Amino acid sequence: MKIFNCSRKYVETHKAELEADNSLFVVSINNFYKNDDGMVKDLCCPPISPKHGIVLFFDDATPADIGRKGITKVLDRKMAYFILESVEDALKNKEVTHILVHCSAGISRSAAVSRILNDFVNSVLSENEADWEYNDKYGFELPPTPNPHILSIMRAALYDEFL
């Protein structure tokens, strides 16, 4: 299965065609916003309808970053399980033929999630080496620099739950 990792800008630019594509499952990773006194002001609205997938809110950070200005929530094991289980459920729908994962820049958070989803979908749920290699080489809008914390949490959830 093809997995494409991209930026929020890409999703906003191609929103109409993505919304019309019923074969697409979207993992939408969005930011929190804080006001000056550190309270969560509101959430960044996802650029695509949640009917096409799942919407998550976590920062591009590690647990050590909590408390720093602008850092509210990091990916945890519960969210990682939710991502994997949601993708597994979506793939039971034979219409779903590809996955799009996005975050703000499409470089760190979504790249980490995409890497683990590629392993999960193309190595665990099915053995599709050709798509795994394609996704690893061409599945990124921008050169990825996966967040190591997110990689670690997603990998642990994959091994704990599915291997």
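Residues numbered from 1 in each chain as written. Predicted model: local features only at pLDDT ≥ 70, side-chain atom pairs only at ≥ 80, totals over all residues. Heavy atoms only, no water.

A. Representation of the nonpolar core. Within the largest apolar cluster, 32 residues are counted, with the highest numbers of intra-cluster contacts made by Val27, Val87, Ile99, Val113, Leu117 and Met154. Only strand 2 (24–30), strand 5 (53–57), helix 3 (77–91), strand 6 (98–103), helix 4 (109–124) and helix 6 (148–162) provide two or more residues apiece to this core. In terms of residue count, helix 3 provides more of this core than any other element does, seven residues in total. Setting aside its immediate chain neighbours within four residues, valine 113 contacts Val27, Ile29, Ile83, Val101, Ile150 and Met154. Ranked by size, the runner-up nonpolar core spans seven residues in total, among them Cys6, Leu18, Val26 and Leu100. (Core = buried A, V, L, I, M, F, W, Y, C linked by side-chain atoms within 4.5 Å. Buried < 20%, exposed > 50% of the residue type's maximum accessible area, 1.4 Å probe, protein only. Helix = DSSP H or I, 4+ residues; strand = E, 2+ residues; numbered from the N terminus. Contact = heavy atoms within 4.5 Å.)

B. Structural view of the sheet that holds strand 2. In space, the four strands of this open sheet follow the order 1-6-2-5, with parallel pairing throughout. Taken across any chain shown, the strands that pair with only one partner, and hence form the sheet edges, are strand 1 (2–7) and strand 5. Adjacent strand axes in the sheet meet at a mean angle of 15 degrees, parallel and antiparallel pairs treated alike. Examined bridge by bridge, strand 2 and strand 6 share five bridges and lie parallel to one another. Bridge pairing links valine 26 to leucine 100 in strand 6. Sheet strands in contact with helix 3 are strand 2, strand 5 and strand 6, and its direction is about 170 degrees off that of strand 5. (Pairing = 2+ DSSP bridges. Axes fitted to C-alpha atoms, helices over the stretch in contact; angles between N-to-C directions.)

Remember that the coordinates give geometry; whether it matters functionally is a separate question.
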